[in-house]
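Listed below are the residues making up each chain.
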Amino acid sequence: MSEKTENQSNALDMFKWVVVFALLAGLVTANTMYGEISVLYRAIAIVVVVGIAGFIAATTEKGSTFLSFAKESRTEVRKVVWPTRQEANQTTLIVLAATLVMALILWGLDGIIVRVVGFITGIGA
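Residues numbered from 1 in each chain as written. Predicted model: local features only at pLDDT ≥ 70, side-chain atom pairs only at ≥ 80, totals over all residues. Heavy atoms only, no water.

### So, helix α3 (residues 61-79)
What counts here: Counting from the N terminus, the helices are DSSP H or I runs at least four residues long and the strands are E runs at least two residues long. Helix span is expected to be 1.5 Å times the residue number reduced by one. The term polar contact refers here to a pair of N or O atoms within 3.5 Å; inside protein, the definition further demands a hydrogen-donor-capable atom paired with an acceptor-capable atom, and it admits residues adjacent in sequence only when both atoms are side-chain atoms.
Look at α3: 28 Å from first C-alpha to last across 19 residues, which is about the 27 Å you get at 1.5 Å a residue. The backbone nitrogen of Gly 63 lies 3.0 Å from a side-chain oxygen of the residue at the head of α3, namely Thr 60.

### Some details on helix α4 (residues 85-121)
Taking 1.5 Å as the rise per residue, α4 with 37 residues should run 54 Å; its terminal C-alpha atoms sit 53 Å apart, in good agreement. Where α4 terminates, the next one or two residues include Gly 122, which has phi positive at roughly 85°.

### As for the domain arrangement of the chain
Heads up, the condition is: Segmentation of the chain into domains, including their bounds, is taken from an automatic or database domain assignment.
Domain parsing of the chain yields domain 1 (7-79) and domain 2 (82-124). Put simply, the middle of domain 1 and the middle of domain 2, counted by C-alpha atoms, are 47 Å apart.

### Some words on the UniProt feature "transmembrane region" (unreviewed entry) in the chain
Inclusion rule: UniProt positions are given in the numbering used here, feature names are shortened, and annotations may be inferred rather than shown by experiment.
This chain's UniProt record puts "transmembrane region" (unreviewed entry) on residues 14-32, 39-58 and 91-109. End C-alpha to end C-alpha, residues 39-58 measures 28 Å, and it is 100% helix and 0% strand. When the span residues 91-109 is considered, its composition is 100% helix and 0% strand, and the gap between its end C-alpha atoms is 27 Å.

This is the structure we're talking about:
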């Protein structure tokens, strides 16, 4: 019995996804076909159709799973202790300094290798 219910649910979800993709494909097609219509009206239509497609997608099993994941992620992000502005600035300066030092080291090594290869091959660099 549960397998039959699951198959019906999957078939309904599949139909909903087909409708969502058909709406979005129709939206892209209509946007290109009606290019002469005001951008404002096309933008309003885009927002409305994307909202409808999002609502339909949210009613599927994967859509509800995604919504619960998004809610849990938002809760976890609120728990994060973010660095202060001073800490972020100091860390940025440290990264920039380390990058500069590595760039100078690599530039120096490149120069040495070019001279060594030029000396070995007899090609003046």
